[in-house]
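Chain residues, written in single-letter form:
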Amino acid sequence: IECLNSQDQFLLQGTFDALKKICEDSKDSLEDDRLAGALETLIPKFIQFFSHPQPKIRSLSLSCANQFISNQSRAFMTHIEEFLQALFALAEDSSKEVVKNVCTAFVLLVEVRVDVLLPHMANIIEYILLRTQDCDEATALEACEFWLSLCD
């Protein structure tokens, strides 16, 4: 966690690469009461890095945070409003990978917490419609997943 305070871009990227793998593989284990403090620290840190100047860091931090949507992590749900506001700010990011991860977040949220999206649904639908026509195929496919999840 201390490495997230580093000014060294290589160390920061390496830290996020490692955290992404840990979050992907062990998200449920991180919910254990003995590790809950770490997750309570990490979720706000991930959100903080959504505005980092380096696109790779923004993408990795969003990918890490996205891991805790589907299991409705207590730590994540505590910060869901901050997450949404930061997510909306990333919607028009210049990085294709970040935009794809934004679409992933909307897909995951519509599956487990559509209630938090309802006040913003008109804008989200407009955004997803735009992204389904994205020239980046991976982004367009991820945006299409939103419709499948919404229908379920």
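Bear in mind the structure is a predicted one, so any value in this text is a computation, not a measurement.

Digging into the overall build of the protein chain
Stage number 1. Looking only at helices and strands, the protein chain features 9 helices and 0 strands.
Stage number 2. Tracing the protein chain from N to C terminus, the helices and strands come up as α-α-α-α-α-α-α-α-α.
Stage number 3. The C-alpha radius of gyration of the protein chain comes to 15 Å, within 12% of the 15 Å expected for a compact globule of 152 residues.
Stage number 4. Along the first, second and third principal axes, the C-alpha atoms of the protein chain reach 40 × 30 × 25 Å.
Stage number 5. Looking at the 152 residues of the protein chain, the share that counts as buried comes to 48%.
Stage number 6. Contacts in the protein chain between residues far apart in sequence, at least 24 positions, make up 65% of those at least 6 positions apart.
Stage number 7. Accessible area of the protein chain: about 7,800 Å², with a carbon and sulfur share of 53%.

Some words on helix 3 (residues 55–66)
Stage number 1. Taking 1.5 Å of rise per residue, the 12 residues of helix 3 would be expected to cover 16 Å, and the 16 Å separating its terminal C-alpha atoms lies within 8% of that figure.
Stage number 2. Along helix 3, the residues that are buried comprise Ile57, Arg58, Ser59, Leu60, Ser61, Leu62, Ser63, Cys64, Ala65 and Asn66.

Overview of the packing of helix 6 (residues 96–112) against helix 8 (residues 121–131)
Stage number 1. The contact between helix 6 and helix 8 brings their axes to 11 Å, and the two run at 130 degrees. Of the possible angle classes, the one that applies to helix 6 and helix 8 is oblique. Helix 6 and helix 8 meet at a crossing whose hand is left-handed. For the pair formed by helix 6 and helix 8, the contact residues are Val99, Val102, Cys103 and Phe106 on the first element and Ile124, Tyr127, Ile128 and Arg131 on the second.
Stage number 2. Along the lines of polarity and charge, the residues of the contact of helix 6 with helix 8 split into 7 nonpolar, no polar and 1 charged.

Points about the pattern of salt bridges
Stage number 1. What the rule picks out here adds up to 6 salt bridges.
Stage number 2. Here Arg113 ties to Asp115 by a salt bridge, and the two come within 2.9 Å at their closest N and O atoms.
Stage number 3. Through salt bridges with shared partners, a single network forms among Glu92, Arg131 and Asp134.

Let's talk about the side chain of Ser95
Stage number 1. Structurally, Ser95 is set in the loop between helix 5 (80–90) and helix 6.
Stage number 2. Setting aside its immediate chain neighbours within four residues, Ser95 contacts Pro55 and Arg58.

Quick notes on the rules
- Residues numbered from 1 in each chain as written.
- Predicted model: local features only at pLDDT ≥ 70, side-chain atom pairs only at ≥ 80, totals over all residues.
- Heavy atoms only, no water.
- Helix = DSSP H or I, 4+ residues; strand = E, 2+ residues; numbered from the N terminus.
- Rg over C-alpha atoms; globule rule 2.2 N^0.38 Å.
- Buried < 20%, exposed > 50% of the residue type's maximum accessible area, 1.4 Å probe, protein only.
- Contact = heavy atoms within 4.5 Å.
- Areas by Shrake-Rupley, 256 points an atom, 1.4 Å probe, with all protein chains shown as cover.
- Expected span 1.5 Å × (residues − 1).
- Axes fitted to C-alpha atoms, helices over the stretch in contact; angles between N-to-C directions.
- Parallel < 35°, antiparallel > 145°, perpendicular 65-115°, else oblique.
- Left-handed = near helix turned anticlockwise from the far one by under 90°.
- Nonpolar A, V, L, I, M, F, W, Y, C, P; charged D, E, K, R; others polar.
- Salt bridge = Lys/Arg side-chain N within 4 Å of Asp/Glu carboxyl O.

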